Amino acid sequence: MQRTDIGRPDYFHKVVDCQWACPAHTPVPEYIRLIAEGRYSDAYMINWKSNVFPGILGRTCDRPCEPACRRGRVEDEPVAICRLKRVAADNKDDITGRLPPIATTKNGKRIALVGAGPASLTVARDLAPLGYDIHLFDGDSRGGGMIRSQIPRFRLPEEVIDEEVGYITGLGVTERYGERVDSLKALLGQGYDAIFVGTGAPRGRNLDLPGRAEGAANIHIGIDWLSSVSFGHIEKIGKRVIVLGGGNTAMDCCRTSRRLGGEDVKVIVRSGFEEMKASPWEKEDAIHEDIPILNFLVPVSFSHESGKLTGVVFEKVVAQYDDKGRRKLVSSGEPHEHFECDDVLVAVGQENSFPWIERDVGLEFDEWDMPKVNEVTFQSTRDGVFFGGDSAFGPKNIIWAVAHGHEAAVSIHLHCQGLNIADRPPPGVTLTSQKMGIHEWSYDNDISNDLRNRVPLRDKATALSSVKLEVELGFDRLLGYKEAERCLNCDIETVFAEPLCIECDACVDICPTDCISFTENGPEDDLRTRLKAPSLDLTQDLYVSGELKTGRVMVKDEDVCLHCGLCAERCPTGAWDMQKFLLDITHAGGCSKSPVNDPLRTAAE
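About the cut-offs
- Residues numbered from 1 in each chain as written.
- Predicted model: local features only at pLDDT ≥ 70, side-chain atom pairs only at ≥ 80, totals over all residues.
- Heavy atoms only, no water.
- Helix = DSSP H or I, 4+ residues; strand = E, 2+ residues; numbered from the N terminus.
- Contact = heavy atoms within 4.5 Å.
- Core = buried A, V, L, I, M, F, W, Y, C linked by side-chain atoms within 4.5 Å.
- Buried < 20%, exposed > 50% of the residue type's maximum accessible area, 1.4 Å probe, protein only.
- Expected span 1.5 Å × (residues − 1).
- Lys, Arg positive; Asp, Glu negative; His and termini not counted.
- Salt bridge = Lys/Arg side-chain N within 4 Å of Asp/Glu carboxyl O.
- Axes fitted to C-alpha atoms, helices over the stretch in contact; angles between N-to-C directions.
- Parallel < 35°, antiparallel > 145°, perpendicular 65-115°, else oblique.
- Left-handed = near helix turned anticlockwise from the far one by under 90°.
- Nonpolar A, V, L, I, M, F, W, Y, C, P; charged D, E, K, R; others polar.
- Pairing = 2+ DSSP bridges.
- Phe/Tyr/Trp six-rings, centres within 6.5 Å; stacked < 30°, edge-to-face > 60°.
- Polar contact = N/O pair within 3.5 Å; in protein donor to acceptor, adjacent residues only side chain to side chain.

## Comments concerning the environment of Ile447
Now for step 1: Assignment of secondary structure puts Ile447 in the loop between β19 (440-441) and α17 (460-463).
Now for step 2: Separated by 311 residues in sequence, Ile447 and Leu136 place their C-alpha atoms 47 Å apart.
Now for step 3: Look past the residues within four positions of Ile447 in its chain and what remains in contact with it is Arg71, Leu488, Pro512, Leu562 and Cys564.

## Points about the nonpolar core
Across soluble globular proteins, nonpolar side chains have a tendency to be buried as a group.
Now for step 1: Grouped together as the largest cluster of nonpolar side chains are 67 residues, with contacts concentrated most on Leu127, Ile134, Phe387 and Ile412.
Now for step 2: At 10 residues, helix α16 (residues 398-416) tops the list of elements feeding residues into this core.
Now for step 3: For Ile134, the residues in contact, after removing those within four places along its chain, are Ile111, Leu113, Ala124, Leu127, Ala128, Val173 and Thr174.
Now for step 4: Listed in part, the 58 residues of the second largest apolar core include Met45, Cys487, Cys507 and Val508.

## Some thoughts on helix α10 (residues 158-169)
Now for step 1: Taking 1.5 Å per residue, 12 residues should reach 16 Å; α10 reaches 16 Å between its end C-alpha atoms and fits that length.
Now for step 2: Buried residues of α10: Val160, Ile161, Glu164, Val165, Tyr167, Ile168 and Thr169, and no others.
Now for step 3: Tucked inside the fold, the buried residues of α10 contact α4 (40-50), α5 (54-60), α8 (118-127), β2 (133-138), α9 (146-149) and β3 (174-177).

## Description of the side chain of Arg153
Now for step 1: Along the chain, Arg153 falls in the loop between α9 and α10.
Now for step 2: Salt bridges are absent for the buried Arg153, whose nearest opposite-charge side chain, Glu158, sits at 4.5 Å.
Now for step 3: Discounting residues that sit within four places of it in the chain, Arg153 has contacts with Ile147, Arg148, Glu158, Ile161, Ser230, Val467 and Lys468.

## Brief notes about the packing of helix α12 (residues 222-230) against helix α13 (residues 248-259)
Now for step 1: Interaxial distance between α12 and α13 falls to 10 Å at its minimum, and their mutual angle equals 45 degrees. Relative to α13, α12 is oriented oblique. Once α12 is placed against α13, the crossing between them reads as left-handed. Residues Gly222, Ile223, Trp225, Leu226 and Val229 of α12 lie in contact with α13, whose contacting residues are Thr249, Asp252, Cys253, Thr256 and Ser257.
Now for step 2: Of the residues that constitute the contact of α12 with α13, the class distribution is 5 nonpolar, 4 polar and 1 charged.

## Digging into the sheet that holds strand β17 (residues 428-433)
Now for step 1: Taken together, the 3 strands give an open sheet; going across it, the order is β17-β24-β20, and neighbouring strands pair in antiparallel fashion. One side of each edge strand has no neighbouring strand; the edge strands of this open sheet are β17 and β20 (492-496). Between one strand axis and the next, the sheet turns through 40 degrees on average, direction left out of account.
Now for step 2: Where β20 meets strand β24 (residues 576-584), 5 bridges bridge the pair, whose relative direction is antiparallel. Each bridged residue has a counterpart across the sheet, and for Val495 the counterpart in β24 is Asp577.

## Considerations on the packing of aromatic side chains
Now for step 1: Using the criterion set out here, one finds 12 aromatic pairs in the structure.
Now for step 2: Ring centres of Phe137 and Tyr192 lie 6.4 Å apart, and the angle between their planes is 85 degrees; this geometry places the pair in the edge-to-face category. Pair noted here: Phe137 is in strand β2 and Tyr192 is in the loop between α11 (184-188) and β4 (194-197), with a separation of 55 residues, a long-range link. With respect to burial, Phe137 and Tyr192 carry one shared label: buried.

## Thoughts on the environment of Arg83
Now for step 1: In this fold, Arg83 is placed in helix α7 (residues 81-91).
Now for step 2: Put simply, Arg83 and Asp224 are 141 residues apart on the chain and 28 Å apart in space, counted from C-alpha to C-alpha.
Now for step 3: Apart from the residues within four sequence positions on either side, Arg83 is in contact with Gly58, Arg59, Thr60, Arg63, Val455, Glu472 and Phe475.
Now for step 4: In terms of polar contacts, Arg83 uses its side chain to reach the side chain of Glu472, at 2.8 Å.

## Considerations on the pairing of strand β11 (residues 308-321)
Now for step 1: Summarising the sheet, strand β10 (residues 297-305) and β11 pair through 8 bridges and their orientation is antiparallel. Across the sheet, the residue bridging to Ser301 is Val313, located in β11.
Now for step 2: From the end of β10 to the start of β11, which pair antiparallel, there are 2 residues, and Ser306 there has a positive phi angle of about 55 degrees.
Now for step 3: Pairing geometry for β11 and strand β12 (residues 327-331), over 5 bridges, is antiparallel. Directly across from Tyr321, in β12, lies its bridge partner Arg327.
Now for step 4: Count of turn residues in the β11/β12 antiparallel hairpin: 5 residues, of which Gly325 carries a positive phi of about 80 degrees.

## Here's the deal with unusual backbone geometry
Now for step 1: Although it is not a glycine, Arg63 adopts a positive phi angle of roughly 60 degrees.
Now for step 2: By the secondary structure assignment, Arg63 is in the loop between α5 and α6 (65-68).
Now for step 3: Positive phi is not limited to glycine here, since Asp505 has a value of about 65 degrees.
Now for step 4: Examined against the element boundaries, Asp505 turns out to sit in the loop between β20 and α19 (506-510).

Structure (structure tokens):
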């Protein structure tokens, strides 16, 4: 193998598994260390630069970072990364003085953002400080989009939404709430330099089954029903409720039903429990609130009597797998089951809806009636029209919408400067030694076992008494510190200097995971089998040195390294160093024709 080029921006980024897995590439270990030091405002601002909504995401993120966490390779459960974001948000000081100032000089460019959800708000946050005249359109009376309309208040208090949306709109954004955009053609005619569409996936899928029309008064589309609850239009539901669907929306529907008078609430799903799209913790929360989840039941009809819904009829199915492992649901042959109910909430998926986009404006759609959007630039086939969030590639979650918003803002900035939007500026990377003495480092490298801390919950009876009472109480400062200490500092990288190595094998002897080997070089597939511990995970790289004095090479398996620093402590010559890797993702302010200060970077610092 060739000597590893650790200067590549993505090499050590990939090794910081949590940051690599985060769509917005939040520097997770960096802000967790700041929480452990009690520097909550600093931790918040690092989050605010990358993921934009620390308080919101600290309660609602889908947590792609946590399955990637290296702590999960030492113990059963990863660091509670998501809930530590909330620790920073809950304990920060007033950070308004650290936000970018309102641009005193406009750059002459006008940008229209359609929909005031997380993707559009991210674009506004990135572009407003650069002098863009941002117009934020939304049919609702306040910003936030699905954050405000579809996430129940017992999970996300309204004051948190108001605060973090306000940080963005306070940057000089023109809020055009209550103005629904009904025609893209008309908007194009208003002379905007670019248009960003962040309207989400606003239409819930229906179930066109026998009895649907007759029982329509008590059969509700899940996301519409949640919106009506959020805006105070619905305050009660029947005592017996069936929720159809196995995603996170279904979990929100069933838990909301319990708080609005539902005494017998069931979630009924066509798939198996493990195959449900809902996050594991969402299912746990529902079960904790005494909501049963029934699996392998497919709805076939709605029963009704005298024009009123009485229940749902289901076919029992079983999963069968072919020789390629593909699953098919087939009838079990058992009699259909009938479950009585007063109301049904249909949460079987969401769809995009673009009736307001004319098909003669140069914007192409695919066979699923989705706009054709470049996955790198987020531009549509119409020059100057960009998409992001659920409206670009279908329903995902808030953190993906934020990531889309960052990339679209870069494209819009380049577009408005007349530059090639496909020419993406590379991120900045710094590596800084953490050595403070011969055997002293500037971070805690203890890797002792320490089980994940549980987030305290409000008493169940009290929590179920109100749809607005937050269930999770969050970590206090002590629990936040304890959980932060579980982080293995995966951004503190082991950096090897061949000229200093005397091949004493001291690092090999002390490594707790046998991730270091000195061996003859060879092809990667061969080399992986000859290490002290065979390297089985091909998704992580091998760190290979140049040729040493004996002709051997040093090979380190990045997959199992715990970043404990014992190799560097033990090395008698300093051939190993522990260096902090910091990735600075390019924002719109860092890709101008002439060098300019990035207001977001300044704010974070």
